[in-house]
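For reference, the chains in residue letters:
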Amino acid sequence: QVQLVESGGGLVQAGGSLRLSCVVSGRTFSNYAMGWFRQAPGKEREFVAAITRSGGSTYYADSVKGRFTISRDNAKNTVYLQMNSLKPEDTAVYHCAASGSLWRGPSDELDGYAYWGQGTQVTVSS
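(A) Examining the environment of Asn 84 more closely. Here Asn 84 is to be found in the loop between strand S8 (78–83) and strand S9 (92–98). Its relative accessible area of 30% is what places Asn 84 among the partly exposed residues. Along the backbone, Asn 84 and Ser 125 are 41 residues apart, and their C-alpha atoms lie at a distance of 14 Å. The contacts of Asn 84, once residues within four sequence positions are left out, are Gly 16, Ser 17, Arg 67 and Phe 68. Polar contacts involving the side chain of Asn 84 include one to the side chain of Ser 17, which spans 2.9 Å.

Right, here's the structure in full:
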């Protein structure tokens, strides 16, 4: 059983920063590509960022490129999302996801991930 637990969300003013963390347990973390997605009220869940198993390559949605940074620490079974220059439109519940297979690389699609966390709320005030 793979479990993903996010933390680090909160309320921040526009222009501020937050760092989200996602701890993975139950399987070998370094076997999985990881992703971050977000879902705002009344909207579909959307891709934010993804990272390869080694952390050597990263991918971003255009809306967050240059502001957000995804990283991972395989020794700590943790993936991070550093969010800078936050905007009110970044307000959403942020979910981390694990690919679930050695053969799956990072994806910007929901079905590219087998395991999901419950999410952490990020609210950006104007």
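(B) The pattern of salt bridges, seen in detail. Counting across every chain of the model gives four salt bridges. Note that Asp 90 is salt-bridged to Arg 67, the shortest N-O span being 2.8 Å. Placement of Asp 90 in the loop between S8 and S9 and of Arg 67 in the loop between strand S6 (58–60) and strand S7 (68–73) is noted, with a sequence separation of 23 residues between them. Across this residue pair, the class does not change: Asp 90 and Arg 67 are buried. One network of salt bridges, in which partners are shared, links Arg 38, Glu 46, Arg 67 and Asp 90.

(C) Inspection of the packing of aromatic side chains at higher detail. Applying the stated criterion across every chain yields a total of five aromatic pairs. Each ring, one from Tyr 32 and one from Tyr 115, has its centre 6.2 Å from the other, and the planes form 40 degrees; the classification is tilted. Note that Tyr 32 is positioned in the loop between strand S3 (18–25) and strand S4 (34–39) and Tyr 115 in strand S10 (residues 115–116), a separation of 83 residues in sequence. A relative accessible area of 6% places Tyr 32 in the buried class. Tyr 115 sits in the partly exposed class, given a relative accessible area of 27%. Centre to centre, the rings of Phe 37 and Phe 47 are 5.7 Å apart; their planes meet at 70 degrees, and the pair counts as edge-to-face. Residue Phe 37 is located in strand S4, and its partner Phe 47 is located in strand S5 (residues 46–51); the two are separated by 10 residues in the primary sequence. Each member of the pair Phe 37 and Phe 47 is classed as buried. An aromatic cluster is defined as three or more aromatic residues linked by ring pairs; in this entry it consists of Phe 37, Phe 47, Tyr 113 and Trp 116. Over the ring of Tyr 80 we find Arg 19, and its NZ or CZ is 3.9 Å from the ring centre.

(D) A look at the sheet that holds S8. Across the sheet, which stays open at both edges, the four strands sit in the order S1-S3-S8-S7 with antiparallel pairing between neighbours. Of all strands in the sheet, those with a lone pairing partner are strand S1 (3–7) and S7, marking the two edges. Strand-to-strand twist of the sheet, defined as the mean angle between neighbouring strand axes without regard to direction, takes the value 15 degrees. In terms of strand pairing, S7 meets S8 through six bridges, oriented antiparallel. Bridged to Ser 71 within S8 is Tyr 80.

Rules behind the numbers
- Residues numbered from 1 in each chain as written.
- Predicted model: local features only at pLDDT ≥ 70, side-chain atom pairs only at ≥ 80, totals over all residues.
- Heavy atoms only, no water.
- Helix = DSSP H or I, 4+ residues; strand = E, 2+ residues; numbered from the N terminus.
- Buried < 20%, exposed > 50% of the residue type's maximum accessible area, 1.4 Å probe, protein only.
- Contact = heavy atoms within 4.5 Å.
- Polar contact = N/O pair within 3.5 Å; in protein donor to acceptor, adjacent residues only side chain to side chain.
- Salt bridge = Lys/Arg side-chain N within 4 Å of Asp/Glu carboxyl O.
- Phe/Tyr/Trp six-rings, centres within 6.5 Å; stacked < 30°, edge-to-face > 60°.
- Lys NZ or Arg CZ within 6 Å of the ring centre and 35° of its normal.
- Pairing = 2+ DSSP bridges.
- Axes fitted to C-alpha atoms, helices over the stretch in contact; angles between N-to-C directions.

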